Amino acid sequence: MKRMYTFLLAFCCLLLPISALAEDDLMYDLGSRAAEVGMDLLNFEPGADNILGLTNAGHAMVKGKTTEHALTGITDVSRLSNGNNNLFQVNRPNWKPLWFYFFNKDSGMAAYMEPDAAFYSMSTEDRKSLAADKAFSQISLMQVDLDKMLANPNEGNTTFNKKKFSGNEFSLIGISNVWAAGAGYDFMNAAAFHDHLCPGVTSGYMIIKYVEKVMPITNQSAETYIDIGCPNWCKEDAYQMIWDSTPGKNSMYVMALSPEDEAAVKAKYGIRPAGIIVKWNSVSLKGKGIALGFDFDTISQELGVANWTGPAWAPKLVQDIGMMDYVDKPESAIKTLKEFEVDEKLLTELKTAGNNPYKVLGMI
Ligand SMILES: [Zn+2]
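What counts and how
Residues numbered from 1 in each chain as written. Predicted model: local features only at pLDDT ≥ 70, side-chain atom pairs only at ≥ 80, totals over all residues. Heavy atoms only, no water. Helix = DSSP H or I, 4+ residues; strand = E, 2+ residues; numbered from the N terminus. Buried < 20%, exposed > 50% of the residue type's maximum accessible area, 1.4 Å probe, protein only. Contact = heavy atoms within 4.5 Å. Areas by Shrake-Rupley, 256 points an atom, 1.4 Å probe, with all protein chains shown as cover. Donors = N, O, S within 2.8 Å, 3.2 Å for Na, K, Ca; no water. Arc of directions from axis to C-beta. Pairing = 2+ DSSP bridges. Axes fitted to C-alpha atoms, helices over the stretch in contact; angles between N-to-C directions. Parallel < 35°, antiparallel > 145°, perpendicular 65-115°, else oblique. Left-handed = near helix turned anticlockwise from the far one by under 90°. Nonpolar A, V, L, I, M, F, W, Y, C, P; charged D, E, K, R; others polar. pLDDT = per-residue confidence, 0-100. Phe/Tyr/Trp six-rings, centres within 6.5 Å; stacked < 30°, edge-to-face > 60°.

### A word on the overall build of the protein
Then comes step 1: Looking only at helices and strands, one finds 15 helices and 12 strands in the protein.
Then comes step 2: Along the first, second and third principal axes, the C-alpha set of the protein runs to 85 × 55 × 35 Å.
Then comes step 3: The proportion of buried residues among the 364 residues of the protein is 49%.
Then comes step 4: Relative to all contacts within the protein whose residues are 6 or more apart in sequence, the contacts with residues 24 or more apart total 72%.
Then comes step 5: Here the protein displays about 17,400 Å² of accessible surface, and carbon together with sulfur accounts for 53% of that area.

### Observations regarding the coordination of the zinc ion
Then comes step 1: Of the protein atoms, only His 194 (NE2), His 196 (NE2), Cys 198 (SG) and Cys 234 (SG) coordinate the zinc ion, at distances of 2.2 to 2.4 Å.
Then comes step 2: Read in sequence order, the donor residues coordinating the zinc ion give the pattern H-x1-H-x1-C-x35-C. A residue pair is termed long-range when its members are at least 10 positions apart, and His 194 in helix 8 (residues 185-194) and Cys 234 in the loop between strand 8 (223-229) and helix 10 (235-243) qualify at 40 residues.
Then comes step 3: We classify His 194 as buried; its relative accessible area is 10%.

### A closer look at helix 14 (residues 344-351)
Then comes step 1: Among all positions of helix 14, only Leu 346, Leu 347 and Leu 350 are buried. The arc that holds every buried residue of helix 14, seen down its axis, measures 100°, which confines them to one face.
Then comes step 2: Buried residues along helix 14 sit in contact with strand 8, strand 10 (272-281), strand 12 (334-342) and helix 15 (357-360).

### Comments concerning the sheet that holds strand 8
For sheets, the rule is that strands pair by backbone hydrogen bonds, running either parallel or antiparallel.
Then comes step 1: As summarised here, the arrangement of the 5 strands in space is 9-8-10-11-12, forming an open sheet in which the pairing is mixed. Looking along the sheet, the strands with just one partner apiece sit at the ends: strand 9 (252-254) and strand 12. Taken pair by pair, the neighbouring strands of this sheet meet at an average axis angle of 15°, ignoring direction.
Then comes step 2: Where strand 11 (residues 286-294) meets strand 12, 8 bridges bridge the pair, whose relative direction is antiparallel. Across the sheet, Phe 294 pairs through a bridge with Ile 334, a residue of strand 12.
Then comes step 3: Contacts from helix 11 (residues 259-269) reach strand 10 and strand 12 within the one sheet, and its direction differs from that of strand 10 by about 90°.

### Observations regarding the packing of helix 9 (residues 199-214) against helix 10
Packed helices, taken two at a time, are described by the angle between their axes plus the distance between the axes.
Then comes step 1: The geometry of helix 9 relative to helix 10 is characterised by a closest axis approach of 7 Å and an angle of 50° between their N-to-C directions. Classified by the angle their axes make, helix 9 and helix 10 are oblique. The two elements helix 9 and helix 10 cross, and the hand of that crossing is right-handed. Here helix 9 contributes Gly 200, Val 201, Ser 203, Gly 204, Tyr 205, Ile 207, Ile 208, Val 211 and Glu 212 to the contact with helix 10, which in turn contributes Lys 235, Ala 238, Tyr 239, Ile 242 and Trp 243.
Then comes step 2: In terms of residue class, the contact of helix 9 with helix 10 is made up of 9 nonpolar, 3 polar and 2 charged.

### Some details on unusual backbone geometry
Then comes step 1: Omega for the peptide link from Cys 230 to Pro 231 comes to 0°, which places this bond in the cis form.
Then comes step 2: In this structure, Pro 231 sits in the loop between strand 8 and helix 10.
Then comes step 3: Here Ser 166, not a glycine, exhibits a phi torsion of approximately 55°, which is positive.
Then comes step 4: Within the element layout of this structure, Ser 166 appears in the loop between helix 6 (153-161) and helix 7 (169-180).
Then comes step 5: A residue is classified by how much of its surface remains accessible, and Ser 166, at 33% relative accessible area, is partly exposed.

### Structural notes on the confidence of the model for the protein
Then comes step 1: Of the residues in the protein, 93% have a pLDDT of 70 or more, and the chain-wide mean is 94.
Then comes step 2: In the model, residues 16-20 has pLDDT below 50 throughout and makes 2 contacts with residues more than four positions away in sequence or in other chains.

### Some thoughts on the sheet that holds strand 6 (residues 109-115)
Then comes step 1: Read from one edge of the open sheet, 5 strands run 4-1-5-6-7, paired in mixed fashion. The sheet terminates laterally at strand 4 (87-89) and strand 7 (136-143), the two strands that pair on one side only. Neighbour-to-neighbour, the strand axes of the sheet open up by a mean angle of 15°, direction not taken into account.
Then comes step 2: In the sheet, strand 1 (residues 51-55) pairs with strand 5 (residues 100-104) via 5 bridges, with the strands oriented antiparallel.

### Describing the environment of Val 214
Then comes step 1: If you trace the backbone, Val 214 turns up in helix 9.
Then comes step 2: The exposure class of Val 214 is partly exposed, given its relative accessible area of 46%.
Then comes step 3: Residues Val 214 and Pro 315 lie 101 residues apart in sequence; the distance between their C-alpha atoms is 31 Å.

### Let's talk about the environment of Gln 319
Then comes step 1: Here Gln 319 is to be found in helix 13 (residues 315-322).
Then comes step 2: Residue classification places Gln 319 among the buried residues on the basis of a relative accessible area of 9%.
Then comes step 3: Residues Gln 319 and Ser 166, 153 residues apart in the sequence, show an inter-C-alpha distance of 23 Å.
Then comes step 4: Leaving out residues up to four positions away in the same chain, Gln 319 has contacts with Pro 199, Phe 296, Ile 299, Ser 300, Leu 303 and Val 305.

### Considering the packing of aromatic side chains
Then comes step 1: Counted under the stated rule, the structure contains 13 aromatic pairs.
Then comes step 2: Arranged with centres 4.7 Å apart and planes meeting at 55°, the rings of Phe 187 and Tyr 205 form a pair that is tilted. Residue Phe 187 is located in helix 8, and its partner Tyr 205 is located in helix 9; the two are separated by 18 residues in the primary sequence.
Then comes step 3: Relative accessible area serves as the criterion here: at 3%, Phe 187 is assigned to the buried category.
Then comes step 4: Overall, Tyr 205 belongs to the buried group, its relative accessible area being 7%.
Then comes step 5: With a centroid separation of 5.2 Å and 20° between ring planes, the pair formed by Tyr 239 and Trp 243 is classed as stacked.

Encoded structure:
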């Protein structure tokens with residue numbers, strides 16, 4: 001009996017600090033409440049596979065502190081997790097307010113919530129007696145399934161015009177619909193890093209698929225993709241997330257292309273220039289490069305958004321979701337304009353400020 005008692009005491013001592021810590025943790029408490037409210041509004045049980053959770057927790061700062069423990073609260077209550085491809089941290093500046101969002105892909109309904117600032121100053125005791133939903137000053141429940149929104153544009157008009165998700169409407173609705181359409185984890189990660197889904201980031205994902213086909217990495221220890229991002233657009237963020245090609249590590253150089261030079265490339269090659277990718281071998285100090293073009297015009301035509309007459313919030317979303325059908329056939333929109341060998345001298349010229357890489361390559 002005595003041994004049993006000693007064992008229990010030791011067990012409690014082990015457990016207590018952890019549970020006490022969890023209870024005391026304001027962010028953990030908040031994430032748990034967000035999950036509780038989401039489960040209630042969207043009618044799901046822990047572990048449901050038709051639910052997506054999105055939040056800027058971990059990016060947002062509250063009272064000078066980071067907010068990542070909210071993620072553990074969400075996962076512990078709802079069992080949504082990043083490892084299950086159903087909980088993502090959407091990139092936002094650290095000074096933006098914290099928010100939580102849940103989406104049910106079967107009903108198309110989504111719940112968005114923002115914490116009440118008063119909650120941040122509450123004592124543990126006060127929080128204990130507070131109902132889960134009282135932690136939030138704003139809770140919106142809206143239909144976000146794109147087909148349903150298009151069939152009944154009034155609700156979509158309200159969502160966008162009244163900013164039901166506090167200005168996050170385009171970002172959250174796009175990411176939700178593409179997840180429901182079966183987007184892979186790598187693509188979701190790129191969209192979450194980019195802060196939203198858009199035809200631009202999808203074009204980056206397609207360029208990645210295209211380059212990996214026509215110019216695959218064959219030496220994993222020596223080769224990297226270097227992006228000469230001229231002209232740059234949302235595509236660059238997909239390269240950073242999926243290829244780890246980043247400006248900080250000298251594998252991405254981003255520069256604007258003047259409208260005149262862009263028009264000159266387009267006039268010569270019949271397609272919008274979409275940057276230059278170099279596969280560089282850091283041991284042999286040699287590489288291969290391709291200059292690419294991306295045809296947005298044909299896609300817009302095919303998806304019926306070129307001369308859009310429907311609600312103003314819709315065409316970008318329609319194109320976002322429609323472009324999912326092109327992800328497996330990137331060559332339908334992407335063309336190689338020029339292939340070339342790269343040595344150190346050429347790489348330096350391509351990436352140096354003041355040079356126009358298309359002129360360096362003799363393309364214009
Ligand atoms: Zn974008």
